[in-house]
Amino acid sequence: AIEYLNQFGIERIYAYEKEIADYFLKRMMSVEGITILGPPMGEPRAAIVSFVCDNVHPSDLSTFLDMEGVAIRAGHHCCQPLHRALGYSHSARASLYFYNTKDEIDAFIEILKETLSFLGGGATGTDDDDFVPFI
């Protein structure tokens, strides 16, 4: 695994991951009906965004996103004490790595917005009245 990563260069991977982490967080902040957990914009963070949605359970969200070919995690993420302290029982988590692109982030954001709209989670304004998150 180290030899594989060294082909790209650890410094290049780190720089790109920081770039997409900032882009991802900025795009996630544009989604209505979600609360982002973790460091705010400008603070050091990995290319991982944990979040909760208004009126949509993270497990429901992950199931419907999975039907669209989008994989996220939902659950406790081994941090139940933090969830309790923040007033949440579960959260959703989307993770990126150096093989992900900004186009994939943009596609994820659109599918997330459509899915939240379908589930009644607050992301309104989609023009696709025929959206069905499973076929």
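Here, every reference points to the structure presented above.
All values derive from a computational prediction rather than experimental measurement.

(A) A look at helix H3 (residues 58-67). Among the residues making up H3, those that are buried are Pro58, Leu61, Ser62, Phe64 and Leu65. All buried residues of H3 lie within an arc of 170° about the axis, which places them on one face of the element. Elements that come into contact with the buried residues of H3 comprise strand S2 (48-53), strand S3 (73-75), strand S4 (91-95) and helix H5 (102-119).

(B) Layout of the packing of H3 against H5. Direction vectors running N to C along H3 and H5 enclose 120°, while the axes themselves pass 10 Å from each other. If you check the angle between H3 and H5, you find them oblique. For the pair H3 and H5, the sense of crossing is right-handed. Contact with H3, carried on its side by Asp60, Leu61, Phe64 and Leu65, involves Phe108, Ile111, Leu112, Thr115, Leu116, Phe118 and Leu119 of H5 and no other residues of that element. When its residues are assigned to classes, the contact of H3 with H5 shows nine nonpolar, one polar and one charged.

(C) Structural detail: the sheet that holds S3. The sheet built from four strands is open, its strands ordered S1-S2-S4-S3 with antiparallel pairing. Two strands lie at the open edges of the sheet, namely strand S1 (34-37) and S3, each paired on one side alone. Each adjacent strand pair in this sheet contributes to an overall mean axis angle of 30°, direction not counted. Strand direction decides the pairing type here: S1 and S2, joined by four bridges, are antiparallel. Looking across to S2, one finds that Ile34 is bridged to Cys53. Across the sheet, helix H2 (residues 10-28) is in contact with S1, S2 and S4; its angle to S2 comes to roughly 10°.

Reading the values: rules and limits
- Residues numbered from 1 in each chain as written.
- Predicted model: local features only at pLDDT ≥ 70, side-chain atom pairs only at ≥ 80, totals over all residues.
- Heavy atoms only, no water.
- Buried < 20%, exposed > 50% of the residue type's maximum accessible area, 1.4 Å probe, protein only.
- Helix = DSSP H or I, 4+ residues; strand = E, 2+ residues; numbered from the N terminus.
- Arc of directions from axis to C-beta.
- Contact = heavy atoms within 4.5 Å.
- Axes fitted to C-alpha atoms, helices over the stretch in contact; angles between N-to-C directions.
- Parallel < 35°, antiparallel > 145°, perpendicular 65-115°, else oblique.
- Left-handed = near helix turned anticlockwise from the far one by under 90°.
- Nonpolar A, V, L, I, M, F, W, Y, C, P; charged D, E, K, R; others polar.
- Pairing = 2+ DSSP bridges.

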